[in-house]
Amino acid sequence: MTRWIGEASRRYRFHGCLDLRERASSMRRYRIDLNVRTFGPCRHRDLLLGGRRRGQFIEERMMKVAIGLTALAATMSLGSAASAQSLACGKPMTTDQKLQRVLDIAEITNVASAHAYYHGATLHQDEIEKVWSKRDDISWTNNTDRYSTRKSVWAFYVENLKNFPTKGAMWYHMLTTPMIEVAGDGKTARAIFMSFGNVSGVMKPGEPEAQWTQEKYGMDFIREDGVWKIWRLRTFVEFYTPVGKSWLDPKDNIAAVDTLAMDGKNPDGTMKAGVQKEAGATFFNVKPDEKKQFYRAYTTDREPELLPAPPKPYCSYSELEPF
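Residues numbered from 1 in each chain as written. Predicted model: local features only at pLDDT ≥ 70, side-chain atom pairs only at ≥ 80, totals over all residues. Heavy atoms only, no water.

**Focus on the overall build of the protein chain**
Here comes step 1: From N to C terminus, the protein chain includes nine helices and 11 strands.
Here comes step 2: Relative to its 323 residues, the protein chain shows a buried fraction of 46%.
Here comes step 3: Sequence separation of at least 24 residues holds for 63% of the intrachain contacts in the protein chain that already meet a minimum separation of 6.
Here comes step 4: Working note: accessible area of the protein chain is about 17,000 Å², and carbon and sulfur atoms make up 55% of it. (Helix = DSSP H or I, 4+ residues; strand = E, 2+ residues; numbered from the N terminus. Buried < 20%, exposed > 50% of the residue type's maximum accessible area, 1.4 Å probe, protein only. Contact = heavy atoms within 4.5 Å. Areas by Shrake-Rupley, 256 points an atom, 1.4 Å probe, with all protein chains shown as cover.)

Next comes the structure, spelled out in structure tokens:
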């Protein structure tokens, strides 16, 4: 439809009535009310052939229709989040607010993707400085560890990486299946993603490692100076398993070892980092601000849960439990 609108706007501006008659059969199917006149092929000759100003007017109106249809298509693609598109803190949204909501969701998606790209390039400092909030209460939480201040996130994510060689690192955490909800006040947003990937790296010379990974992301975003930033990130880790092994065996799922330990099922009774290591890096030497079982990794005796929960419409961040 959008392609036809662009095509039609050019025809109405540059072609005469005779040319439009030749397209009558196809164009009768697409009558669009522009709040001026409903025009089909060759109707209202004065409007169609009226000169440059009228041609520009028609093109501008056509573009507004195209933008509206694009926004509608984007809204319809948002699943349960689409219900929020009609209300902002209990009040009906204007057309401009709805269009802004679509732009917000696109920008938030890009910011989340930027995290994956920076991480994959081991540019953690650039990531924190460019796409994370400047606030002191940013946080990163995995299955068992929470880093809840800027200082501890920096130590975990930036400083710790300096202890390991980055040559040979290949970290892919692909974000898929997004559900994004922008607050009614437009100041914050909540999103969830699924992520399947693989990580590779060299811990010691001649000892490369490769792992399959599966996890889910919960992310809170905040708008700062008109730009969306990551505020809080939480990973719900299902497994990190060496290539050639099976995540069905909890001994080969390094994300399960820690949660089993907290359940009293680990043979040595230890509690380790939620993800003890990615191929190429470990997190043993970084103390979290809080340690408990935030999420139980996959094991064959675990019941599935809807976690993280799909975000629901909300007015302000005070209504949410922070990720």
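**Brief notes about the pattern of salt bridges**
Here comes step 1: Taken as a whole and assessed by the stated rule, the structure comprises 12 salt bridges.
Here comes step 2: In this structure, the salt-bridge partner of Asp-104 is Arg-223, at a minimum N-O distance of 3.1 Å. Placement of the pair is Asp-104 in helix H6 (residues 95-120) and Arg-223 in strand S7 (residues 207-224), with a sequence separation of 119 residues.
Here comes step 3: Note that Glu-290 is salt-bridged to Arg-146, the shortest N-O span being 3.7 Å. Remark: Arg-146 occurs in strand S4 (residues 145-147) and Glu-290 occurs in strand S11 (residues 290-291); sequence separation between them is 144 residues.
Here comes step 4: Given the relative accessible area of 18%, Arg-146 is considered buried.
Here comes step 5: Taken together, the salt bridges that share partners define one network made up of Arg-135, Asp-137 and Arg-232. (Salt bridge = Lys/Arg side-chain N within 4 Å of Asp/Glu carboxyl O.)

**Things to note about the state of the cysteines**
Here comes step 1: Overall, the coordinates contain one disulfide when judged by the stated rule.
Here comes step 2: A sulfur-sulfur separation of 2.0 Å characterises the disulfide bridge that pairs Cys-89 with Cys-315. Here Cys-89 and Cys-315 share a disulfide; its torsion about the S-S bond, 95 degrees, makes the bridge right-handed. Of this pair, Cys-89 sits in the loop between strand S1 (87-88) and strand S2 (91-92) while Cys-315 sits in the segment after S11; the two residues are 226 residues apart in sequence, bridging distant segments of the chain. (Disulfide = S-S within 2.5 Å.)

**Section: helix H8 (residues 150-159)**
Here comes step 1: Taken as a whole, H8 has its buried residues at Ser-152, Val-153, Phe-156, Tyr-157 and Val-158.
Here comes step 2: Structurally, H8 contributes buried residues whose contacts are with H6, helix H7 (124-131), strand S3 (139-141) and S4.

**As for the packing of H7 against H8**
Here comes step 1: Two elements in contact, H7 and H8, have axes whose closest approach is 9 Å; the angle formed by their N-to-C orientations is 145 degrees. At the point where H7 passes H8, the crossing takes the right-handed sense. Taking contact as the criterion, the partners of His-124, Gln-125, Glu-127, Ile-128 and Glu-129 in H7 are, on H8, Arg-150, Val-153, Trp-154, Tyr-157 and Val-158.
Here comes step 2: Class assignment of the residues belonging to the contact of H7 with H8 gives a composition of five nonpolar, two polar and three charged. (Axes fitted to C-alpha atoms, helices over the stretch in contact; angles between N-to-C directions. Left-handed = near helix turned anticlockwise from the far one by under 90°. Nonpolar A, V, L, I, M, F, W, Y, C, P; charged D, E, K, R; others polar.)

**A closer look at H6**
Here comes step 1: Between its terminal C-alpha atoms H6 stretches 38 Å, which fits the 38 Å expected from 26 residues at 1.5 Å a residue.
Here comes step 2: If you check which residues of H6 are buried, you get Arg-101, Val-102, Asp-104, Ile-105, Ile-108, Val-111, Ala-112, Ala-114, His-115, Ala-116, Tyr-118 and His-119.
Here comes step 3: Two residues or fewer after H6 comes Thr-122, characterised by a positive phi angle close to 55 degrees. (Expected span 1.5 Å × (residues − 1).)

**Let's talk about the pairing of strand S5 (residues 170-182)**
Here comes step 1: Here S5 runs beside strand S6 (residues 188-204); their pairing, made up of 11 bridges, is antiparallel. Bridge pairing links Leu-175 to Ser-195 in S6.
Here comes step 2: Between S5 and S6, which pair antiparallel one after the other, the connecting turn spans five residues, and Gly-186 there sits at a positive phi close to 75 degrees. (Pairing = 2+ DSSP bridges.)

**Let's talk about the environment of Thr-188**
Here comes step 1: Along the chain, the position of Thr-188 falls in strand S6.
Here comes step 2: Thr-188 sits in the buried class, given a relative accessible area of 5%.
Here comes step 3: Residues Thr-188 and Arg-223 lie 35 residues apart in sequence; the distance between their C-alpha atoms is 6.0 Å.
Here comes step 4: Not counting residues up to four positions away in its chain, the partners in contact with Thr-188 are Val-182, Ala-183, Phe-221, Ile-222, Trp-228, Trp-231, Tyr-314 and Tyr-317.
Here comes step 5: Of the polar contacts made by the side chain of Thr-188, one reaches the side chain of Tyr-314; its length is 2.9 Å. (Polar contact = N/O pair within 3.5 Å; in protein donor to acceptor, adjacent residues only side chain to side chain.)

**Quick notes on the pairing of S7**
Here comes step 1: Both S6 and S7 contribute to a ladder of 16 bridges, which runs antiparallel. Directly across from Val-202, in S7, lies its bridge partner Pro-208.
Here comes step 2: Between the antiparallel neighbours S6 and S7 lie two residues, among them Gly-206 with a positive phi of about 80 degrees.
Here comes step 3: Where S7 and strand S8 (residues 227-242) come together, 14 bridges link them in antiparallel fashion. Within the sheet, the bridge partner assigned to Glu-224 lies in S8 and is Val-227.
Here comes step 4: The turn linking S7 back onto S8 is made up of two residues, and Asp-225 within it adopts a positive phi angle of 55 degrees.

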